[in-house]
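Geometric and topological summary
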Amino acid sequence: MGEDVERLKRRTPLLEYLRQHNWAGRPAGRFEYVGLCPLHKESQPSFYVNARKDVFYCHGCGQGGDLIRFVQLSSGLSFRRSLASLDPESAPKADSSAVIEEAATFYQQQLDRCPEALDYLHRRGVHDPALLRELGIGYAPGGTLRRYLTAPSHSFDVLRRIGLINARGADALYQRIVFPLRQGEHIVNLYGRSIGVAFAHRFLPGSKGGLYAWEKVRNCAKVILVEGLFDYVALRQAGFHNVTCSLGTQLNREQLRQLCEGERTVYLTFDVDQNQSGQQAAEQLAHRLVVHGISARRVLLPEGHDPNSFFVQGGDPHQFQSLLEAAQP
Ligand SMILES: [Zn+2]
């Protein structure tokens, strides 16, 4: 804060500010200027500015201080708001992360109240309440977020900019299971999985961040990489803790960097779909990892399966372990 104030004052000397605001002072010494006081009514000039010290003093009303003090007195604003008025960039911005955090909390609270959401989780084989809590999984019923987020900093514009609502003010995440995506301490994005007919996957605008829950596995010598969060949940429930998720088959630069930051073997466990897109992506990624000196193996699930459906349809941890052991480079 102090540094910002100093920088701001260097950029806008008091005398310059006063002149921009039509103060007519005349020289009254080497660095001094005198004129009528802008802070009180007077006919004889008693308002002095010392340009070297960058301060003012009025012998009429007894007020004095620096630029910020002058703005406070002349505009009636608080210190903080005076600063903001001088430097629009320093104006306190609503912290996006805090707003997303609040939205995530709201969605978590909705989960237990919405049977359709619990039904969907049940169908996807999600049954561990402790894991639901650990991951902060929630549900966006739609149409209610703005009523919940009513704090003044959460204006329409802020929610719109973050992407939590659309231009008409409607919730962007509607009838979706919501996973908060964290990077370190902060939620950087939300992933919403449609439980209805809408397009399956949705993120807020901006980066999806790095690999999911990377902090938990970054020191593991063997890491299982899956493409979907429901795959992640299925493996965690099955007792595999060295799992992470790339939220799609195309890794961003940060995710690739994370996988390559230490010596390890990565078990690529992408969907085995009919059009082969999951396996092609796994093959390309395996090649990229090997180029970076990382050992990569491709786990081949039965035809038509992803890790989630594998477990939902009766696969057990021993069978999956066998698949890991059979994985090919
Ligand atoms: Zn005065």
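Up top you'll find the structure we're talking about.
Note that the structure is predicted; figures quoted are calculated from it, not measured.

1. Things to note about the sheet that holds strand S3 (residues 47–50)
Spatial strand order, S1-S2-S3-S4-S5: 5 strands in an open sheet with antiparallel pairing. Since the sheet does not close on itself, it has two edges, and those belong to strand S1 (26–27) and strand S5 (64–65), each with one partner. One ladder, built from 2 bridges, connects strand S4 (residues 55–58) with S5; its direction is antiparallel. The partner of tyrosine 57 across the bridge, within S5, is glycine 64.

2. Quick notes on the pairing of S4
Here S4 shows a clear split, with Phe56 and Cys58 buried on one side and none of Val55 and Tyr57 buried on the other. Two strands pair when backbone bridges link them, and S3 and S4 are joined in this way by 4 bridges, in the antiparallel orientation. In the strand pairing of S4, tyrosine 48 is matched with tyrosine 57. Linkage of S3 to S4, two consecutive antiparallel strands, is achieved through a turn of 4 residues, within which aspartate 54 is found at a positive phi near 60 degrees. The turn linking S4 back onto S5 is made up of 5 residues, and glycine 62 within it adopts a positive phi angle of 80 degrees.

3. Structural notes on the pattern of salt bridges
Between side chains of opposite charge, a pair can form as their charged atoms come close. One pass over the full model with this rule turns up 9 salt bridges. Between lysine 9 and aspartate 66 there is a salt bridge, and its shortest N-O distance comes to 2.7 Å. Within this pair, whereas lysine 9 is found in helix H1 (residues 2–11), its partner aspartate 66 is found in the loop between S5 and helix H3 (67–75), the two being separated by 57 residues in sequence. Neither lysine 9 nor aspartate 66 differs from the other in exposure class; each is buried. The partner of glutamate 283 in a salt bridge is arginine 298, with the nearest N and O atoms 4.0 Å apart. Of this pair, glutamate 283 sits in helix H13 (residues 277–291) while arginine 298 sits in strand S13 (residues 295–298), and the two are 15 residues apart along the sequence.

4. A few points about the coordination of the zinc ion
Listed as protein donors to the zinc ion are Cys37 (SG), His40 (ND1), Cys58 (SG) and Cys61 (SG); their distances from the metal cover 2.1 to 2.3 Å. With 4 donor atoms in place around the zinc ion and angles of 98 to 122 degrees between them, the coordination shape is tetrahedral. The sequence pattern formed by the donor residues of the zinc ion is C-x2-H-x17-C-x2-C. Here cysteine 58 lies in strand S4 and histidine 40 lies in the loop between strand S2 (32–35) and S3, a separation of 18 residues in the sequence. By relative accessible area, histidine 40 is classed as partly exposed at 24%. Judged by relative accessible area, cysteine 58 falls into the buried class, the value being 0%.

What counts, and at which threshold
- Residues numbered from 1 in each chain as written.
- Predicted model: local features only at pLDDT ≥ 70, side-chain atom pairs only at ≥ 80, totals over all residues.
- Heavy atoms only, no water.
- Pairing = 2+ DSSP bridges.
- Helix = DSSP H or I, 4+ residues; strand = E, 2+ residues; numbered from the N terminus.
- Buried < 20%, exposed > 50% of the residue type's maximum accessible area, 1.4 Å probe, protein only.
- Salt bridge = Lys/Arg side-chain N within 4 Å of Asp/Glu carboxyl O.
- Donors = N, O, S within 2.8 Å, 3.2 Å for Na, K, Ca; no water.
- Tetrahedral: all angles 85-135°; square planar, octahedral: opposite > 155°, others 65-115°.

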